[in-house]
Amino acid sequence: QACPQLPVWSAVGYNDSMSSLPTSYVVVDVETTGLSPILGDRVVELGAVRVVRGVVVGTFCQLVNPQAPIHPGAQAIHGISAADVTHAPRMEAVLPRFITFTAGLPLVAHNAGFDQSFLEAECRCCELTHPFADYYCTLQLSRLVNPALPRHDLDSLVRHYGIPAHNRHRALGDVHATRQLYEILRRAYESLRARPAPPVAVPSPVSEGSRWPAGSA
């Protein structure tokens with residue numbers, strides 16, 4: 001079952017309107033049937049951790065019946081098959097629980113535009129108001145903090161920082177790696193801000209109806 005066609009999100013850049021990056025947030029990752037909600041792809045797994053003042057206080061992980069076929073290319077990456085989600089709840093049962101879990105905190109993701117586009121699409125499919133106003137992207141933050149690095153995909157950054165990574169390309173595994181990456185990058189950004197050199201712009205949150213520029217997840 002495909003959702004109604006969605007508008008194309010416009011890219012947003014950085015500005016210096018934020019004085020610091022949040023220490024309370026929800027890290028989120030979605031695994032999907034394919035690459036584009038505009039083409040009818042859906043979420044098959046939703047994972048998140050809730051962080052308050054730098055401490056993990058909650059975990060969310062749920063397989064979802066997408067009511068749509070899983071593209072072989074997507075299955076080759078995350079390993080989730082149709083059999084795995086046949087008896088899983090549908091998104092209309094999962095999404096309200098996830099919204100409650102986030103409880104108004106900003107979302108953090110790697111290549112956040114991808115996750116944002118799917119969450120917004122699922123809200124539309126479920127006829128729910130999209131409540132996630134602020135997104136922070138660790139891919140873009142890494143480009144800001146590490147301009148000399150040749151690659152900013154999650155695998156490359158996990159290797160660069162020596163972050164333990166388990167169960168990669170599943171929602172909760174990627175969430176735990178992204179949380180550790182965000183904390184490293186947040187501290188690096190705060191260190192840069194403390195220097196007397198010209199200020200480094202902070203990534204402002206992505207507002208409703210917009211998305212980060214695309215990048216490698």
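Residues numbered from 1 in each chain as written. Predicted model: local features only at pLDDT ≥ 70, side-chain atom pairs only at ≥ 80, totals over all residues. Heavy atoms only, no water.

Chemist: Please explain the packing of aromatic side chains as it appears in this structure.
Modeler: Aromatic ring pairs: the centre-centre distance and the angle between the two ring planes describe each pair. Under the definition given, this model contains 5 aromatic pairs. With a centroid separation of 5.7 Å and 45 degrees between ring planes, the pair formed by Phe 60 and Phe 101 is classed as tilted. Placement of Phe 60 in strand β4 (residues 55-63) and of Phe 101 in helix α3 (residues 91-102) is noted, with a sequence separation of 41 residues between them. A residue is classified by how much of its surface remains accessible, and Phe 60, at 7% relative accessible area, is buried. Owing to a relative accessible area of 15%, Phe 101 belongs among the buried residues under this scheme. An aromatic cluster is defined as three or more aromatic residues linked by ring pairs; in this entry it consists of Phe 60, Phe 98, Phe 101 and Phe 132. (Phe/Tyr/Trp six-rings, centres within 6.5 Å; stacked < 30°, edge-to-face > 60°. Helix = DSSP H or I, 4+ residues; strand = E, 2+ residues; numbered from the N terminus. Buried < 20%, exposed > 50% of the residue type's maximum accessible area, 1.4 Å probe, protein only.)

Chemist: Even after reading the chapter, I still don't get the packing of helix α5 (residues 138-145) against helix α7 (residues 171-194), so can you show me in this structure?
Modeler: A packed helix pair is summarised by two numbers, namely the angle formed by the two axes and the spacing between the axes. Between α5 and α7, whose axes approach to 10 Å, the crossing angle comes to 35 degrees. Remark: the crossing between α5 and α7 carries left-handed chirality. Residue-level contacts link Thr 138, Leu 141, Ser 142, Leu 144 and Val 145 of α5 to Thr 178, Leu 181, Tyr 182, Leu 185, Arg 186, Ala 188, Tyr 189 and Leu 192 of α7. Tallied by class, residues from the contact of α5 with α7 come to 9 nonpolar, 3 polar and 1 charged. (Axes fitted to C-alpha atoms, helices over the stretch in contact; angles between N-to-C directions. Left-handed = near helix turned anticlockwise from the far one by under 90°. Contact = heavy atoms within 4.5 Å. Nonpolar A, V, L, I, M, F, W, Y, C, P; charged D, E, K, R; others polar.)

Chemist: Where do I start with the side chain of Ser 81 in this structure?
Modeler: Residue placement: Ser 81 occurs in the loop between α1 (72-78) and α2 (82-85). Judged by its relative accessible area of 19%, Ser 81 falls in the buried class. The residues contacting Ser 81, other than those within four sequence positions of it, are Ile 70 and Gln 75.

Chemist: I would appreciate a short explanation of the pattern of salt bridges in the present structure.
Modeler: Pairing between side chains becomes possible if they bear opposite charge and their charged atoms approach one another. Scanning the entire structure with this criterion turns up 8 salt bridges. Salt bridges here are not isolated pairs; linked through shared partners, they connect Asp 155, Arg 168 and Asp 174. (Salt bridge = Lys/Arg side-chain N within 4 Å of Asp/Glu carboxyl O.)

Chemist: Honestly, helix α4 (residues 112-125) in this entry has me stumped. Any pointers?
Modeler: At 3.6 residues per turn, the α-helix brings residues three or four places apart onto the same side. A rise of 1.5 Å per residue sets the reference length of α4, with its 14 residues, at 20 Å; its end C-alpha atoms lie 20 Å apart and thus fit the reference within 8%. Buried residues dominate α4, accounting for 12 of its 14 residues. Where α4 is concerned, the buried positions are Ala 112, Gly 113, Phe 114, Asp 115, Gln 116, Ser 117, Phe 118, Leu 119, Glu 120, Ala 121, Glu 122 and Cys 123. Where α4 ends, the next residue or the one after it, Glu 127, has phi of about 55 degrees, a positive value. (Expected span 1.5 Å × (residues − 1).)

Chemist: So what exactly am I meant to see when it comes to α5 here?
Modeler: Burial runs high along α5: 6 of the 8 residues are buried. The set of residues buried in α5 consists of Thr 138, Leu 139, Gln 140, Leu 141, Ser 142 and Val 145. On the buried face of α5, the contacting elements are β5 (107-109), β6 (135-137), α6 (154-161) and α7.

Chemist: Would you mind going over the sheet that holds β5 with me for this structure?
Modeler: Taken together, the 5 strands give an open sheet; going across it, the order is β4-β3-β2-β5-β6, and neighbouring strands pair in mixed fashion. A strand with exactly one partner marks an edge of an open sheet, and here the two such strands are β4 and β6. Ignoring which end each strand starts from, the neighbouring axes of this sheet average 25 degrees apart. Across 8 bridges, the pairing between strand β3 (residues 43-52) and β4 is antiparallel. Looking at β4, one finds that Val 51 is bridged to Val 56. With respect to the sheet, α5 is in contact with β5 and β6, its orientation differing from that of β6 by roughly 50 degrees. (Pairing = 2+ DSSP bridges.)

Chemist: Hey, could you run me through the packing of α6 against α7 in this one?
Modeler: Viewed as axis vectors pointing N to C, α6 and α7 meet at an angle of 60 degrees, and their least axial separation amounts to 11 Å. Regarding the angle of α6 to α7, the classification is oblique. When you trace α6 past α7, the crossing you get is left-handed. Residues Leu 154, Leu 157, Val 158 and Tyr 161 of α6 form the contact with α7, whose participating residues are Asp 174, Ala 177, Thr 178, Leu 181, Ile 184 and Leu 185. Class assignment of the residues belonging to the contact of α6 with α7 gives a composition of 8 nonpolar, 1 polar and 1 charged. (Parallel < 35°, antiparallel > 145°, perpendicular 65-115°, else oblique.)

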